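Understanding the architecture of this molecule
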Amino acid sequence: MGKTIIISNRLPVQLQIDNDSITAIPSVGGLATGMKSVHSGSDSLWIGWSGLTQEEISEELEPKIDKALKENGCSKVSLTSEEIDGFYYGFSNRTIWPLFHYFLEYSEFETDSWNTYKAVNQKFADAILEKAEDDDVIWVHDYQLMLVPEMVKEKRPNTSIGFFLHIPFPSYEIFRTLPWRKEVLRGLLGSDLIGFHTYDYERHFLSSVRRLLGLEVSFNEINLEDRVIKVDSFPMGIDYKKFSDAASKHEKNTADTQSELQRRLNVHKESTPDAKLILSIDRLDYSKGIAKRLNAFEYFLKKHPEYQEKVRLIILAVPSRSNVPQYQLLKKEIDELVGRINGEFATVSWTPIWYFYRSMPFENLIDLYTSSDIALLTPIRDGMNLVAKEYIATRTDKTGVLILSEMAGSANEMNESLLINPNNFDQISDALIQAINMPKEEQIARNSILQKRLERYNVEKWANDFMKSLLEQRETTQKFISK
Ligand code: ADP
Ligand code: G6P
């Protein structure tokens, strides 16, 4: 086997131009944070978009940009601002993202953005073809690049291609509404192995393949004339050690080494030892259910006034896709909700919600995870949700309660948390009461099981399982051809 080529729209670092120098900042989002751990431990090459537009990349800056990417094991695909509009803000995030998350009413079906999506997918495929040798293994990631496998397979039929979808694959009834549904399926079928986070997503995909393309599907294999494609579920894990080590280190911080955030959180804890901190961390995205969560929290405060001044909700929302109108509207809605709820319930000594709209350095994420008594994660639909796993991994003394939406892929593996339906405010309110009053021994018992599972099924195991399956598939295909 040759080298592994990872390809995704988002690279593990985003480049920014400050005067004439280039800064690489870590990307946010499950794909980038998860794959980064896999990539840094291997000699893979990662191809993707640098975060800059082609217009911003002058001849003078280009070598510096390439160097900064090379230092991170990456190579760029350059996209013009027009391409970014049609491909990224357009088809990827105004058509596929809402559709695959069951927000059908947000999905726009525009031929121009579809055409740009095709053209940009071809650019990514060309970048692979330029770098790949026949014995390399290609691993394509996520909904922005669903046509790439077919484009590469056409030119390099002997190259092994794996594809992993990091978001849900919707039911056939939803997927069939897409005007270009067959093209998308054919694009994916250029792969030898197609992976999903859960068995349900896998089942939905196979059902669409059968009903829309009329192909023969036996169990989890799709039979084509000249090869067999395997479809399977691989629930993505986290870099468990990175989070648990960071949390242990965090505990040893002294007054000199503490971050300002850690210091303030400690002051808060010392001054109100009975008060509970409830945490949520997400990209600011409608699929994450942030507005509903705020409404549910308000419902809880009204229904159980005895908990006022005893709880505080910390919302960390990371700016995301802010050129898409739905994200701008959501930002406004959340700003207003936080203002209204704080205005209605705050007292001179208590503000119910602390709201941060920004990205934070890793150390501050750890400050938040380790200081919070409860994590409240209520996505309306989420492919996996790694934040839930990260919260548990940082609980070094095994205390803490995770309240998690059953609509998140991670809920399948986290039965010991308090699972809720994000649309059921009574259930969320009851779960909050249960979490606030949960005895320490019960917290420890639940988290011990979760931690063992997360430590075992970490991101490295996820990547190894996927690669092993892809290589086995390569052998099956070779046998199939030589028959
Ligand atoms: P999604 O992939 O939809 O954004 P996930 O919960 O699966 O959702 O992944 C989010 C990832 O982004 C996590 O690994 C989390 O640690 C990271 N992240 C979230 N917020 C921040 C932040 N403010 N700064 C840095 N990383 C963040
Ligand atoms: C999700 C998607 C990723 C994406 C990430 C951040 O995790 O599955 O493909 O990279 O969100 O979104 P962004 O649009 O900033 O890349």
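What you are looking at is a predicted structure, and each value in this text was computed from that prediction instead of being measured. (Residues numbered from 1 in each chain as written. Chains lettered and ligands numbered in written order. Predicted model: local features only at pLDDT ≥ 70, side-chain atom pairs only at ≥ 80, totals over all residues. Heavy atoms only, no water.)

Regarding the packing of aromatic side chains
Following the criterion strictly, the structure yields 31 aromatic pairs and no others. Geometrically, the ring pair formed by Phe243 and Phe362 is edge-to-face, given 5.4 Å between the ring centres and 65° between the ring planes. Placement of the pair is Phe243 in helix H9 (residues 240-251) and Phe362 in helix H13 (residues 362-371), with a sequence separation of 119 residues. Relative accessible area serves as the criterion here: at 6%, Phe243 is assigned to the buried category. (Phe/Tyr/Trp six-rings, centres within 6.5 Å; stacked < 30°, edge-to-face > 60°. Helix = DSSP H or I, 4+ residues; strand = E, 2+ residues; numbered from the N terminus. Buried < 20%, exposed > 50% of the residue type's maximum accessible area, 1.4 Å probe, protein only.)

Quick word on the confidence of the model for the protein chain
Across the protein chain, pLDDT averages 95, with 100% of residues at or above 70. Prediction confidence for the complex, expressed as pTM and ipTM, is 0.97 and 0.98 respectively. (pLDDT = per-residue confidence, 0-100.)

What about the site of ligand 1?
Ligand 1 sits among 17 residues. The nearest are Gly30, Thr33, Arg283, Lys288 and Glu390. Residue Arg283 places a side-chain N or O atom 2.7 Å away from an oxygen atom belonging to ligand 1. Taking Glu390, its side chain carries an N or O atom lying 2.5 Å from an oxygen atom of ligand 1. In the complex, the protein chains occlude 89% of the 570 Å² of accessible area that ligand 1 would expose alone. Elements with a contribution of two residues or more to the shell around ligand 1: helix H1 (30-40), strand E12 (276-283), strand E13 (311-318) and helix H14 (386-393). Considering each element in turn, the shell around ligand 1 owes the most residues, three residues, to H14. Class assignment for the residues of the shell around ligand 1 results in eight nonpolar, five polar and four charged. (Near = heavy atom within 4 Å. Polar contact = N/O pair within 3.5 Å; in protein donor to acceptor, adjacent residues only side chain to side chain. Areas by Shrake-Rupley, 256 points an atom, 1.4 Å probe, with all protein chains shown as cover. Nonpolar A, V, L, I, M, F, W, Y, C, P; charged D, E, K, R; others polar.)

Points about the site of ligand 2
Near ligand 2, the surroundings consist of 13 residues, among which Arg10, Tyr88, Asp142, Gln144 and Arg321 are the closest. The separation between an oxygen atom of ligand 2 and a polar side-chain atom of Arg10 is 2.8 Å. Within the side chain of Gln144, an N or O atom sits 3.1 Å from an oxygen atom of ligand 2. In isolation ligand 2 offers 370 Å² of accessible surface; the protein chains occlude 92% of this area.

Looking at the environment of Gly190
In this fold, Gly190 is placed in the loop between helix H7 (181-188) and strand E8 (193-196). For Gly190, a relative accessible area of 4% puts it in the buried group. Along the chain, Gly190 and Gln14 lie 176 residues apart, while their C-alpha atoms are 29 Å from each other. Gly190 has contacts with Pro149, Glu150, Lys153, Ile161 and Arg227, leaving out every residue within four places of it along the chain. (Contact = heavy atoms within 4.5 Å.)

Focus: the environment of Arg358
Within the element layout of this structure, Arg358 appears in the loop between strand E14 (353-357) and H13. With near-sequence residues (within four places) excluded, Arg358 lies in contact with Leu316, Ala317, Val318 and Pro319.

Describing helix H3 (residues 81-100)
With 20 residues, H3 should reach 28 Å at 1.5 Å per residue; the first-to-last C-alpha distance of 25 Å falls well below that figure. The sharpest bend along H3 comes to roughly 40°, located at Ser92. Within H3, 16 of the 20 residues are buried, which leaves it mostly tucked inside the rest of the structure. Positive phi appears at Tyr102, one or two residues downstream of H3, with a value of about 70°. (Expected span 1.5 Å × (residues − 1). Bend = angle between axes of the 7 residues up to and from the residue.)

Overview of the packing of helix H4 (residues 111-131) against helix H5 (residues 148-155)
Contact geometry for H4 and H5: axes closest at 9 Å, N-to-C directions at 45°. Judged on the interaxial angle alone, H5 and H4 are oblique. Between H4 and H5 lies a crossing whose hand is right-handed. Contacts between H4 and H5 pair Lys118, Asn121, Gln122, Phe124, Ala125, Ile128 and Leu129 from the former with Val148, Met151, Val152 and Lys155 from the latter. (Axes fitted to C-alpha atoms, helices over the stretch in contact; angles between N-to-C directions. Parallel < 35°, antiparallel > 145°, perpendicular 65-115°, else oblique. Left-handed = near helix turned anticlockwise from the far one by under 90°.)

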